[in-house]
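# Structural overview for review
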Amino acid sequence: MTTLTDIRQVLAGDALAKFDLPIEEARGLPNDAFTSQAYFDLERKTLFARTWVFAGLASDMPDPGDVRPVDVAGRPIILTHGRAEEINAFHNVCPHRGARLVVENLDGSAMMTCPYHAWTYAMDGKLKARPHFHKPDCHDNRGDDNVSLFPVRCEVWHDWIFINLDGKAEPFDEHIAPVAAWFDGYPLEPMRCAEHRVYTFECNWKLAVENYCDFYHVFMVHPALHRTMTKEARKSMITMGRHLMNEYWFEATGRGGEGDKSGYGMQTIPGLKPENTNRSCYSAVFPNVAINVYPTAVQFVLFEPVAADRTRMHMWFYFVDGDHDNPDLADLRNNLCDEWDALNLEDEGICRRLQEGRLCDAYDGGRLAPYWDKGTIHFHKQLVEVMTA
Ligand code: FES
Ligand SMILES: [Fe+2]
């Protein structure tokens, strides 16, 4: 069994320098990084604590007083919608004796009350009251001695709530700047979430991310997509900051082109720059999010690590406000999402094979394809950089 000490050795010494070798000689992360529970646990402690990670959708908690308990990298977290329309994040624990504070969604609630001794907190995390605090029937109704829920850094970008657990990541604006720049020219404000689908991948979360970044496999794994996606326009990933980007120029937004998944029949994003009419843009947002932006649709993807060899892939589908809930377009929206079901099923099969391959001792990180695999090496380098910082 791989121990934590073994894992630390994997990341020690020349782990980083190895990624800087010419790609013909470079090797990706070793098998343990994809198969061992110790490595998975270390990622939770280091990688997911030190970076900005996705926690929830703002549109899922639209009103003041809405509270959502979520799990982020194994930590119970509470998201709250405050009176000043702000979204806050807190550790989901009562500062008194450490009971988990919230276990169910609350809608339009004035307070959060602990089930143990009824200490009560406002949406901004401040303590408001402590019944029988001084002695029986002698209450603290002011809660003014600076007790509050433990805050977590939290930022909302478009509909997406990101948190930073250790509080030490770079400012969010800096982190997301390359992604925002890549999607410049696609006004995302009018986009509304229409559907959420979940797929289970029997592989490590990193393999699912790498597969998302792999445009090489289309001709083998996605025969239907291959027929409609011109080969000449397929490129390998572009590195920007810790993230990876791609773009695809298709011939038409109509049926029969890559535009199918862009939302055939749905309205174009108002304010779309004309040069983007036939362009789709992709970003793998470090570490475990992906965003696809098409002229008529957006998909937000989360690769949620469940176990060393299991990943829950969430896909939220966005269309232009009005199209997203128009009952006349329900069948069309459904078909568009179903097309992704088919594609994701094909990807799940091959990701399972990638996971199985990592049980072979002989595999040592790969003999990589210089044109296509630079993105994977970049991704691995970012991971090790954050985990060894
Ligand atoms: S543990 Fe929450 S009020 Fe005591
Ligand atoms: Fe794929």
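Residues numbered from 1 in each chain as written. Chains lettered and ligands numbered in written order. Predicted model: local features only at pLDDT ≥ 70, side-chain atom pairs only at ≥ 80, totals over all residues. Heavy atoms only, no water.

Residues L29, L47, V72, I77, I161, I163 and F303 are the most contacted members of the largest nonpolar core, which totals 76 residues. Looking at this core element by element, the count peaks at six residues for helix α11 (residues 374-387). There are two domains that each give this core at least three residues, and those are domain 1 (52-155) and domain 2 (188-387). Not counting residues up to four positions away in its chain, the partners in contact with L29 are F19, F34, Y39, K206, G365, H380, L383 and V384. Judged by nonpolar contacts, the second largest core, of 29 residues, contains I176, F183, L272 and I291. (Core = buried A, V, L, I, M, F, W, Y, C linked by side-chain atoms within 4.5 Å. Buried < 20%, exposed > 50% of the residue type's maximum accessible area, 1.4 Å probe, protein only. Helix = DSSP H or I, 4+ residues; strand = E, 2+ residues; numbered from the N terminus. Domains from an automatic or database assignment. Contact = heavy atoms within 4.5 Å.)

In this section: the domain arrangement of the protein. By the assigned domains, the protein splits into domain 1 (52-155) and domain 2 (188-387). Its C-alpha centre places domain 1 at a distance of 35 Å from the equivalent point of domain 2. Taken residue by residue, the interface counts five residues in domain 1 and eight residues in domain 2. When domain 1 packs against domain 2, the two sides together hide about 470 Å² of surface, and 73% of this comes from carbon and sulfur. At the surface where domain 1 touches domain 2, the tally comes to zero salt bridges. (Buried area = accessible area lost by both parts, 1.4 Å probe. Salt bridge = Lys/Arg side-chain N within 4 Å of Asp/Glu carboxyl O.)

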